[in-house]
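For reference, the chains in residue letters:
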Amino acid sequence: MKAEASPNIAFIKYWGKLPAKSDAERNLGANPSLSLTLSRAKTTTLVEAVKAAESVEVELELNGKPASEGDELKVRAHIQRIVTQFGAEPQRFRVQTANNFPTGVGIASSASGFAALTVAAAGEILGRDKTEKMLREDSPLLVELARRGSGSACRSLAGPFVKWEGRVAQRMNIDWPLRDTILILTKDHKSVPSSEGHTRAPTSPHFEARQKRLPARLAAVEAALAARDLGRLGPLLEEEALDMHEVAGTTMPPTDYLLPETRKLLKLFAESRQRDFYFTLDAGPNFHIISEKPVTKDLERFLDKAGVKAETWEDSWGRGATLLPEGA
Ligand code: PMV
């Protein structure tokens, strides 16, 4: 069956995990997080059982090309998880997955990738009706499976706003058509994968203090979302992004995800107080600009002033993963 999922951008970041003694405890965030699910960027994934097998086997195509052994192993392990969870027979699965957005541009492809893979595999194993019901109901089982693939993937199952806390990820009862304009300063792959960043996070002297600050910031973000008040939400997003990068930059060893161009723009953002657009950053140097209205023109002025060149990807709120109709 074929499924589609979009990436999400965290307003409160998952940065640091709880220690895990088993696969069931994989990727439990050290703190609750909250994100906006996008809609234009998409991963589309087909999972098709081709024949019975002694153990789960996978043939994987990524963006139309045979995948590397490493990627195939990750996908196999994930499908194995799903087969075990649903008590299904092992089979050989054909998996074809493609992104409509370029990789390494600050759009988290692991979130949309594991969300789409989880939903497509569940659809293939359990059937359409059961899987769609699980999606509608923010099924804890689906959340659990997506999270074990990649933590932030559990927030891409639903939308537009999802709060993830421990084993639960649930859509919030808020409709607010926010935009995310991504400023792509570089397409280079990030130097330190987020899995390594999570492991390093607790070694930062700022980690504990951040954990203590987060409950109040999360509550303030939830209140600003409920009031649909961008003037209140924006500064919280910026403070949170800088907080996460302060932790990343002070771990042992430190992880500096930012480029000189990122810092130039950060300075300009700090100097420009009268704005109706606000930034957040993921584990990378590219900006996500959150706004209600289109901001391409404002951003062009900003980039000119800073003497920085960037491409943009315009995205906006979405409603989460879906199974695609037969023949799509
Ligand atoms: O799900 P992961 O392991 O790719 O981690 C995501 C980490 C951040 O994108 C930086 C923050 C987040 O909450 O999405």
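Presented here is a report on the structure given in the accompanying data block. Residue indices follow the written sequence of each chain, beginning from 1 at its first position. Only residues with pLDDT of at least 70 are given local features in this predicted model, and only at 80 or more are side-chain atom pairs given and counted; all residues enter the totals for whole chains, interfaces and linings. Excluding hydrogens and water, the side-chain values take into account all heavy atoms of the structure.

### Here we look at the pattern of salt bridges
Then step 1. Salt bridges are defined by distance alone: a side-chain nitrogen of Lys or Arg within 4 Å of a carboxyl oxygen of Asp or Glu. Inspection of the entire model under this criterion finds 33 salt bridges.
Then step 2. For Arg147, the salt bridge is made with Glu144, and the minimal N-O distance between the two is 3.0 Å. One end of the pair is Arg147 and the other is Glu144, both in helix α4 (residues 140-149) and 3 residues apart, which spans about a single turn.
Then step 3. The cut-offs for exposure are 20% and 50% of the maximum accessible area for each residue type, with area from a 1.4 Å probe on protein chains only; residues under the lower value are buried, those over the upper are exposed, and the others partly exposed. Judged by its relative accessible area of 1%, Arg147 falls in the buried class.
Then step 4. Glu144 sits in the buried class, given a relative accessible area of 10%.
Then step 5. When salt bridges that share partners are traced, they join Asp23, Arg26, Arg81, Glu144, Arg147, Arg148 and Arg167 into one network. A helix here means a DSSP run of H or I that spans at least four residues, while a strand means a run of E at least two residues long, and both kinds are numbered starting from the N terminus.

### Describing the side chain of Glu238
Then step 1. Within the secondary structure layout, Glu238 lies in helix α7 (residues 230-249).
Then step 2. Look at Glu238 and you get buried, because its relative accessible area is 10%.
Then step 3. Once you skip the residues sitting within four places of it in the chain, Glu238 turns out to touch Phe269, Arg275, Phe277, Tyr278 and Phe279. Whether two residues touch is decided by their heavy atoms; if any such pair falls within 4.5 Å, the residues are in contact.

### A short note on the site of the ligand
Then step 1. Working definition: residue near molecule or strand if any one of its non-hydrogen atoms lies within 4 Å of it. Taken together, 14 residues surround the ligand, and among them Tyr14, Ser152, Arg155, His198 and Asp282 come closest.
Then step 2. Within the backbone of Tyr14, an N or O atom sits 2.8 Å from an oxygen atom of the ligand.
Then step 3. Any pair of N or O atoms that falls within 3.5 Å is considered a polar contact. Within protein, one atom must be able to donate a hydrogen and the other to accept it, and sequence-neighbouring residues count only if both atoms are side-chain atoms. One nitrogen or oxygen atom from the side chain of Ser152 is found 2.7 Å from an oxygen atom belonging to the ligand.
Then step 4. Relative to its unbound accessible area of 390 Å², the ligand is 92% covered by the protein chains.
Then step 5. The class makeup of the residues in the shell around the ligand is 5 nonpolar, 6 polar and 3 charged. In short, Shrake-Rupley with a 1.4 Å probe defines the accessible areas, and a residue's cover is counted only from the protein chains shown. Only Asp, Glu, Lys and Arg are considered charged in this grouping, and only Ala, Val, Leu, Ile, Met, Phe, Trp, Tyr, Cys and Pro are considered nonpolar; every other residue, Gly among them, is considered polar.

### A few points about the sheet that holds strand β3 (residues 33-37)
Then step 1. Taken in spatial order, the 4 strands of this open sheet run β2-β3-β8-β9, and their pairing is antiparallel. The open sheet has two free edges, formed respectively by β2 (8-12) and β9 (168-171), since each of these has just one partner strand. Strand after strand, the sheet turns through a mean of 25° between neighbouring axes, direction not considered.
Then step 2. Here β2 runs beside β3; their pairing, made up of 4 bridges, is antiparallel. In the sheet register, Ile9 faces β3, and the bridge partner there is Leu36. Two strands are said to pair when DSSP picks up at least two bridges between them. Think of each axis as a best-fit line through the C-alpha atoms, taken over the contacting stretch in the case of a helix, with angles from 0 to 180 degrees between the N-to-C directions.

### Looking at the nonpolar core
Then step 1. Think of a nonpolar core as a cluster: buried Ala, Val, Leu, Ile, Met, Phe, Trp, Tyr and Cys residues, connected wherever their side-chain atoms sit within 4.5 Å. Judged by nonpolar contacts, the single largest core of 39 residues is most densely connected at Val47, Val58, Ile79, Phe93, Val95 and Leu157.
Then step 2. The set of elements that each furnish at least two residues to this core consists of β1 (2-5), β5 (57-62), α1 (69-85), β7 (91-99), α2 (109-126), α3 (128-136), α4 and β8 (161-165).
Then step 3. Of the residues forming this core, the biggest block, 8 residues, is contributed by α2.
Then step 4. Core analysis: the second largest hydrophobic core is formed by 22 residues, Phe161, Leu214, Leu233 and Tyr278 among them.

### Notes on the pairing of β1
Then step 1. Sheet topology places β1 next to strand β4 (residues 43-52); 4 bridges connect them, and they run antiparallel. Of the residues in β4, the one forming a bridge with Ala3 is Thr45.
Then step 2. Strand direction decides the pairing type here: β1 and strand β14 (residues 322-323), joined by 2 bridges, are antiparallel. By the bridge assignment, Glu4 is partnered in β14 with Thr322.

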